[in-house]
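A look at the structure
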Amino acid sequence: MSQESYDVVIIGGGPAGLTAGLYTSRAKLRTLLVERMIMGGQVMTTTKVENYPGFPGGIDGPDLMLRFQEHCQEFGLEVRTGDVETLVDAGPVKRLTVDGEPLTARSVIITTGAEPRKLDIPGEQEFTGRGVSYCATCDGAFFRDVPVAIVGGGDTAAEEALFLTRFASKVYIIHRRRELRATKVLQERLAANPKIEVLWERTVERVEGDTSGLKRALLAGPDGKPQEALELEGLFVAIGVTPKAHFLAEVVELDRDGYILTDAECRTSIPGVFAAGDVRKKMLKQIATAVGDGAVAAIMAEKYLDDLEA
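Residues numbered from 1 in each chain as written. Predicted model: local features only at pLDDT ≥ 70, side-chain atom pairs only at ≥ 80, totals over all residues. Heavy atoms only, no water.

Before going further, it helps to examine the nonpolar core. Judged by nonpolar contacts, the single largest core of 31 residues is most densely connected at L64 and I109. Of all the secondary structure elements, the ones that give two or more residues to this core are β1 (4–11), α1 (15–26), α2 (61–73) and α7 (287–309). Judged by nonpolar contacts, the second largest core, of 22 residues, contains A168, I173, I196 and F236. (Core = buried A, V, L, I, M, F, W, Y, C linked by side-chain atoms within 4.5 Å. Buried < 20%, exposed > 50% of the residue type's maximum accessible area, 1.4 Å probe, protein only. Helix = DSSP H or I, 4+ residues; strand = E, 2+ residues; numbered from the N terminus.)

Written as structure tokens, this is what we have:
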């Protein structure tokens, strides 16, 4: 059985992966980008991107990612939806399996990003898709004129809380600490919005509902106060992310949190395998840094292939 062979296979279709694909395709390297879910990654869940240069006034995340995709495909990037199940280092050739189909690549760029962290509480799994959500911009419109809550205290939680006010009658922010980690400008917007109320020093212990969906969240209060019931129909979770590199645990070196360890030039512990974007260990995780990573990884992959042929 013949196998498709590529110069570069990119695993993941967010900003880092699409940027890498732009660079490698433009360099005339035969490149395949494999995305498991929706092209664009987590940016597809962002209502407005205000900190990516070149778009005064901001741009909706899906619109930005559509431009990324159209741009890189101008240079012949091949895109495929699928799940990369295995990656095996065979020296100058890397062997991959995508949805059971084998293929080979001379180099690989991993840009799988990260996924939302779960609360791991009773009822969460049961009501996921029936009131519990991890993407306000995806599901917010389903909660018109009803009370909702968002769990978290960072920029994502603040942005999603503001977005939810377009639809919900009331938006609670449930935060385990006494102050938010969100940037000051976002905190000012939260404080100025009459629909938003912050519940300080609270944690969600369980969620309950009926056949129609979520109806309440049970909260643990501060200083051992009795559990309180918060009536709502939507609970949005924004408590951070987990890197999507678990399937590579036996392949490349990871840190204890599951992020891929690389050097400053995005090289992993395996020659010819690179990592870019939120899946690699680094301080700042933004669209701009993912784009920078993607460019670096692509250039280093090109250099690696040139060295192989020298």
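So, on to the sheet that holds strand β10 (residues 170–174). The strand order across the open sheet built from five strands is β8-β15-β9-β10-β11, with neighbouring strands paired in parallel fashion. If you trace the sheet from one side to the other, it starts and ends with β8 (132–133) and β11 (196–199), each paired once. Note that strand β9 (residues 147–151) and strand β15 (residues 234–237) share four bridges and pair parallel. Looking at β15, one finds that V151 is bridged to V237. The sheet strands contacting helix α5 (residues 155–164) are β9, β10, β11 and β15, and the helix crosses β9 at an angle near 170°. (Pairing = 2+ DSSP bridges. Contact = heavy atoms within 4.5 Å. Axes fitted to C-alpha atoms, helices over the stretch in contact; angles between N-to-C directions.)

Attention now goes to the sheet that holds strand β14 (residues 228–231). Strand order in the open sheet formed by three strands is β12-β13-β14, with antiparallel pairing between adjacent strands. For this open sheet the edge positions go to β12 (203–210) and β14, each flanked by a neighbour on one side alone. Taken over all neighbouring pairs, the strand axes of this sheet differ in orientation by 30° on average, direction set aside. For β12 and strand β13 (residues 213–220), the ladder comprises seven bridges, and the chain directions are antiparallel. The partner of T203 across the bridge, within β13, is A220.

Time to look at the layout of surface pockets. Here the second largest pocket is characterised by a volume of approximately 260 Å³. Every residue lining the second largest pocket is counted, 14 residues in all, and those nearest its centre are L119, V151, G152, R176 and I239. Each residue belonging to the lining of the second largest pocket can be placed in one class, and the counts come to six nonpolar, four polar and four charged. (1 Å grid on protein atoms, 1.4 Å probe; cavity = no way out; pocket = protein on both sides within 12 Å on 5 of 7 lines; lining within 4 Å. Points joined across faces, edges and corners; volume = space filled by probe spheres on them. Nonpolar A, V, L, I, M, F, W, Y, C, P; charged D, E, K, R; others polar.)

So, on to the pattern of salt bridges. Under the counting rule described, the total for this entry stands at 18 salt bridges. A salt bridge links E101 to R80, with the shortest nitrogen-to-oxygen separation between them at 3.1 Å. One end of the pair, E101, is in strand β6 (residues 101–110); the other, R80, is in strand β3 (residues 78–81), and 21 residues separate them in sequence. The class of E101 is partly exposed, set by a relative accessible area of 30%. Given a relative accessible area of 21%, R80 falls into the partly exposed group. Here E228 ties to R202 by a salt bridge, and the two come within 2.7 Å at their closest N and O atoms. (Salt bridge = Lys/Arg side-chain N within 4 Å of Asp/Glu carboxyl O.)

Let's shift gears to the packing of aromatic side chains. One pass over the structure, following the stated rule, counts five aromatic pairs. Centre to centre, the rings of F143 and F236 are 5.4 Å apart; their planes meet at 75°, and the pair counts as edge-to-face. One end of the pair, F143, is in the loop between α4 (136–139) and β9; the other, F236, is in strand β15, and 93 residues separate them in sequence. Residue F236 is classed as buried on the basis of its relative accessible area of 0%. (Phe/Tyr/Trp six-rings, centres within 6.5 Å; stacked < 30°, edge-to-face > 60°.)

A few words now on the side chain of T97. On the secondary structure map, T97 appears in strand β5 (residues 93–98). A polar side-chain atom of T97 sits 2.7 Å from a polar atom in the side chain of T86. Residues contacting T97, with those up to four places away along its chain left out, are D83, V84, E85, T86 and P102. (Polar contact = N/O pair within 3.5 Å; in protein donor to acceptor, adjacent residues only side chain to side chain.)

Turning our eyes to something else, we now look at the pairing of β9. The buried count for β9 comes to four of five residues, which makes it a mostly enclosed element. Of the crossover connections in this fold, the one passing from β9 over α5 to the parallel β10 is right-handed. (Right-handed = clockwise from strand over helix to strand, strands pointing away.)

To continue, consider unusual backbone geometry. Of note in the backbone geometry, K28 takes a positive phi value of approximately 65° without being a glycine. When you line up the elements, K28 lands in the loop between α1 and β2 (31–35). K28 sits in the exposed class, given a relative accessible area of 74%. The phi dihedral of C266 is positive, around 70°, even though this residue is not glycine.

Relative orientation of the contacting elements α1 and α7 amounts to 35°, with a least axis distance of 7 Å. Viewed along their axes, α1 and α7 form a crossing whose handedness is right-handed. Where α1 approaches α7, its residues P15, A16, T19, A20, Y23 and T24 are matched on the opposing element by I287, A290, V291, G294, A295, A298 and I299. Residues of the contact of α1 with α7, tallied by class, amount to ten nonpolar, three polar and no charged. (Left-handed = near helix turned anticlockwise from the far one by under 90°.)

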